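Here are the chains, one letter per residue:
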Amino acid sequence: MPGEEGAGAVAGVLSGRVTPSGKLPVQVPRDPGSGPQTYLGPALTRRLDRISNLDPTPAFPFGHGLSYTTFAYSDLEVTPTAPTDGAFDVSVTLTCTGERPGTEVVQLYLSDPVADVARPVKQLAGYVRVPLAPRESRRVTFTVPADLTSYTGVDLRRVVDPGAIGVQVGGSSEGDVLTGGVELTGPRRHPGRDRALRPTTTVTDLA
């Protein structure tokens, strides 16, 4: 039910007048027996032959989307260390490698492999839409507050732990992505209701 403007929108995409840039807010199961499932599952929801004979790999992962052009990610840089009450930077270069202009949704995911409770393998922490002309490149930087790594602990309080945090940047939650990490240092901290809920983003043109 796309509404009264839906026909024009669909015709624009099919004819090539509009280059699509939407991304899936869910993931689509590959097989009837493997879904429904969210990308936020912990490690045991991934394919493990000794646990299940079902393949949970999605046909289309969370954040997936097609375009009439192509994009490439390169030169990932992550601040190596940051305090538990501070922030760290994640930077990546995005290039339009196709012959048409397009808009890519750059997605940032975080993971916590050493939390006190079971955590998702990865969790969306930020995103930004970046329009590009053919062969154009831009540098995208996320400034990520440590509050975004917090979770509800066994005592039902939110906590920011010192330790390793995994970082992933790409065009979806799976596939061809760049990975890195940051080490949070300092004391364990309990953020309050005023905790930061999103990163700040900066997009810089490259000569």
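This structure is a prediction, so every number in the text was calculated from the model and none was measured. (Residues numbered from 1 in each chain as written. Predicted model: local features only at pLDDT ≥ 70, side-chain atom pairs only at ≥ 80, totals over all residues. Heavy atoms only, no water.)

Enquirer: Would you mind showing me how to read the pairing of strand β10 (residues 178–185) here?
Expert: The side chains of a regular strand alternate between both faces of the sheet. Bridge count for strand β2 (residues 81–83) against β10 is 3 bridges, and the pairing is parallel. Following the sheet pairing, Thr81 is matched in β10 by Glu183. Note: strand β9 (residues 163–170) against β10, 7 bridges, orientation antiparallel. Within the sheet, the bridge partner assigned to Ala164 lies in β10 and is Glu183. (Pairing = 2+ DSSP bridges. Helix = DSSP H or I, 4+ residues; strand = E, 2+ residues; numbered from the N terminus.)

Enquirer: Any chance you could explain the side chain of Asp147 here in plain terms?
Expert: Among the secondary structure elements, Asp147 is positioned in the loop between β6 (137–145) and β7 (151–152). The exposure class assigned to Asp147 is buried, which follows from its relative accessible area of 13%. Only 2.2 Å separates the side chain of Asp147 from the side chain of Arg189, close enough to count as a polar contact. Among all residues touching Asp147, those that are not within four sequence positions of it are Val160, Arg189, Pro191, Arg195 and Ala196. (Buried < 20%, exposed > 50% of the residue type's maximum accessible area, 1.4 Å probe, protein only. Polar contact = N/O pair within 3.5 Å; in protein donor to acceptor, adjacent residues only side chain to side chain. Contact = heavy atoms within 4.5 Å.)

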